[in-house]
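So the chains spell out like this:
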Amino acid sequence: MVDRLYGIQDDAARLKVAQKRTHLKRWATASPAVACLHVPDVLAHKGALHFDHDQLARDNDAPLRQTHSQHQADAHAPTDSTAETLTLLALVIHELLLGVCPPPPDALHLARRLRQTRLHVRVHSLRPATPISSLKADKIGRLLSIRGTVVRASSLQPFVTEA
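Cut-offs and rules
Residues numbered from 1 in each chain as written. Predicted model: local features only at pLDDT ≥ 70, side-chain atom pairs only at ≥ 80, totals over all residues. Heavy atoms only, no water. pLDDT = per-residue confidence, 0-100. Helix = DSSP H or I, 4+ residues; strand = E, 2+ residues; numbered from the N terminus. Contact = heavy atoms within 4.5 Å. Expected span 1.5 Å × (residues − 1). Buried < 20%, exposed > 50% of the residue type's maximum accessible area, 1.4 Å probe, protein only. Patch = residues over 30% accessible without salt bridge, like charges linked within 9 Å, V, L, I, M, F, W, Y side chains within 5 Å. Areas by Shrake-Rupley, 256 points an atom, 1.4 Å probe, with all protein chains shown as cover. Salt bridge = Lys/Arg side-chain N within 4 Å of Asp/Glu carboxyl O. Polar contact = N/O pair within 3.5 Å; in protein donor to acceptor, adjacent residues only side chain to side chain. Core = buried A, V, L, I, M, F, W, Y, C linked by side-chain atoms within 4.5 Å.

Right, let's get into the confidence of the model for the protein chain. Across the protein chain, pLDDT averages 79, with 83% of residues at or above 70. For the protein chain, per-element mean pLDDT is lowest for helix 5 (residues 68-73), which scores 39, and highest for helix 3 (residues 39-44), which scores 91. Residue range residues 67-73 is modelled with pLDDT below 50. Its contacts to residues more than four positions away, or to other chains, number four contacts.

Turning next to helix 6 (residues 82-100). For helix 6, with 19 residues, the first-to-last C-alpha span of 27 Å sits near the 27 Å given by 1.5 Å per residue. Within the sequence span of helix 6, burial applies to Thr82, Thr85, Leu86, Leu88, Leu89, Ala90, Leu91, Val92, Ile93, His94 and Leu97.

Next up on the list: a nonpolar patch on the surface. On the surface, Ile132, Leu135 and Ile146 cluster together to form a nonpolar patch covering roughly 260 Å² of accessible area. Its location among the elements puts isoleucine 132 in the segment after strand 2 (120-124). Overall, isoleucine 132 belongs to the partly exposed group, its relative accessible area being 46%.

Another aspect to go through is the pattern of salt bridges. Counted under the stated rule, the structure contains two salt bridges. Two residues, glutamate 95 and arginine 21, come together in a salt bridge whose shortest N-O distance is 2.3 Å. Highlighted residues: glutamate 95 in helix 6 and arginine 21 in helix 1 (residues 11-30), separated in sequence by 74 residues. The exposure class of arginine 21 is buried, given its relative accessible area of 13%. Where aspartate 138 meets lysine 139, a salt bridge forms, and the shortest distance between an N and an O atom there is 3.6 Å.

It is worth spelling out the side chain of threonine 85 at this point. Counting through the fold element by element, threonine 85 comes out in helix 6. Residue classification places threonine 85 among the buried positions, given a relative accessible area of 3%. Side-chain polar atoms of threonine 85 contact the side chain of lysine 20, separated by 2.7 Å.

Moving on: the nonpolar core. Inside soluble globular proteins, nonpolar side chains tend to come together where they are buried. Membership of the largest hydrophobic core comes to 31 residues, with the highest contact counts inside it found for Leu49, Phe51 and Ile93. Of all the elements in the fold, those that place two or more residues in this core are helix 1, helix 2 (32-35), helix 3, strand 1 (48-52), helix 6 and helix 7 (110-115). Residues in contact with isoleucine 93, not counting those within four places in the same chain, are Ala28, Val34, Leu37, Leu49 and Phe51.

Have a look at this one:
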């Protein structure tokens, strides 16, 4: 079972997410965006599942649909469980992809490689884009779209406050 890759290790956690998982599985099975995913492509992208925001929020059964009151308050404020929903969606898609892997002996070992890879959902085309200069503490916990160019990257240098 791939549950452990996604932090679902005990029975209490399984019961908590069972209903949402069933809903996401029903959506993923019927979704054309999920149907066009192929195991070698997912492995080549190191487990990244790329979805357009509209695919995840378009209709009533979509995983990221928002209620009318949330649209009025802030169009990009996620529900309490947006991160959980995206993680569960990755888990459900992981299980569906394992179901379409060829049985052993498989020359590419797709099922074995897929079992060892944690998948994660990448959401694209969320509008409008938030300017980098406005990224402040009030944006923590919100689903945002940013756009920019990486000019320089360096290794992390931890900041020690007490020794």
